[in-house]
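Spelled out from the first residue to the last, the chains are:
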Amino acid sequence: QVQLVESGGGLVQPGGSLRLSCAASGSIASVYVMGWYRQGPGKQREFVARIYGDRSTTRADSVKGRFTISRDNANNTVYLQMNTLKPEDTAIYYCYADVSTLGAVSRRDYWGQGTQVTVSS
């Protein structure tokens, strides 16, 4: 199986920065897309950013210019650098990875447990 472990969440003041990390481990053959979603209080889960194996990226309009996604392919880790944070960025952030496992013929998404980000003064 595959496990995703996130870290880096916390409380930050508006205008501040945080860096989230998410490491995938287990019976991994290949990791394709890695990315982040978030779910704010009383809201549906929404897309934040994704990064492909060639390091091309897409981001939600709400975070463009403020959030940067990157990855370390050697360690199957994805990062989300969040700058100029706003109160509306408050949410649980979930990472995911599109993975093929050893011996499997198909691939699927795996999800982390989520990490809380709170932006408040």
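Placed above this text is the structure.
The rules behind each value
Residues numbered from 1 in each chain as written. Predicted model: local features only at pLDDT ≥ 70, side-chain atom pairs only at ≥ 80, totals over all residues. Heavy atoms only, no water. Core = buried A, V, L, I, M, F, W, Y, C linked by side-chain atoms within 4.5 Å. Buried < 20%, exposed > 50% of the residue type's maximum accessible area, 1.4 Å probe, protein only. Helix = DSSP H or I, 4+ residues; strand = E, 2+ residues; numbered from the N terminus. Disulfide = S-S within 2.5 Å.

Attention now goes to the nonpolar core. Counting residues in hydrophobic clusters, the biggest one holds 30 residues, and the most contacted among them are Leu4, Trp36, Val48, Phe67, Leu80, Met82 and Tyr93. Among the elements that take part in this core, strand β9 (residues 91–101) stands out by supplying 5 residues, more than any other.

Evaluated as defined, the whole model comprises 1 disulfide. Here Cys22 is linked by a disulfide to Cys95, with a sulfur-sulfur distance of 1.9 Å. Across the disulfide from Cys22 to Cys95, rotation about the S-S bond amounts to roughly 45 degrees, and the bridge is consequently right-handed. Of the two residues, Cys22 is situated in strand β3 (residues 18–26) and Cys95 in strand β9; the sequence distance between them amounts to 73 residues.

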